[in-house]
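Structure at a glance
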Amino acid sequence: MDPQRHAGFVIGSDQAQQGDNVTVWKVRVKDPQSSFDGEKLVVASVHNGLSLAKGLNVHFAIGSVDGARGQKEPRAVDVRLSEPKPPRSKGQV
């Protein structure tokens, strides 16, 4: 069974707080059908070594990890590039 995919875009990256010099990417969910619509999520994994960049349109599943206080924290997993929409032809609405 395929997990539900959500649409969104890459909002940028931060350096990890652990001092490992690790880049942590974040996405914003932009999917009115998702209960996570408008939320920022940390990226946990990308598909096939995808390199992320600010502004890319992506889609992803949402998983969770146990937070520092035992609560579940959502994460974007299996982040992939969204398919570009085909250009409209003249006269098309």
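Data block above holds the structure.
Below: a short report on this structure.

About the thresholds
- Residues numbered from 1 in each chain as written.
- Predicted model: local features only at pLDDT ≥ 70, side-chain atom pairs only at ≥ 80, totals over all residues.
- Heavy atoms only, no water.
- Pairing = 2+ DSSP bridges.
- Helix = DSSP H or I, 4+ residues; strand = E, 2+ residues; numbered from the N terminus.
- Axes fitted to C-alpha atoms, helices over the stretch in contact; angles between N-to-C directions.
- Buried < 20%, exposed > 50% of the residue type's maximum accessible area, 1.4 Å probe, protein only.
- Contact = heavy atoms within 4.5 Å.

Observations concerning the sheet that holds strand β4 (residues 57-66)
Reading around the circumference, β1-β2-β3-β5-β4 is the order of the 5 strands in this closed barrel, with mixed pairing throughout. Strand-to-strand twist across the sheet, computed as the mean angle between neighbouring axes with direction ignored, equals 45 degrees. When β4 meets strand β5 (residues 72-81), the two strands line up antiparallel, connected through 8 bridges. By the bridge assignment, D66 is partnered in β5 with K72.

What about the environment of W25?
Relative to the assigned elements, W25 resides in strand β2 (residues 23-29). What makes W25 partly exposed here is its relative accessible area of 24%. Not counting residues within four places of it along the chain, the set of residues in contact with W25 comprises V10, G12, S13, L41, V42, V43, L52, A53 and K54.

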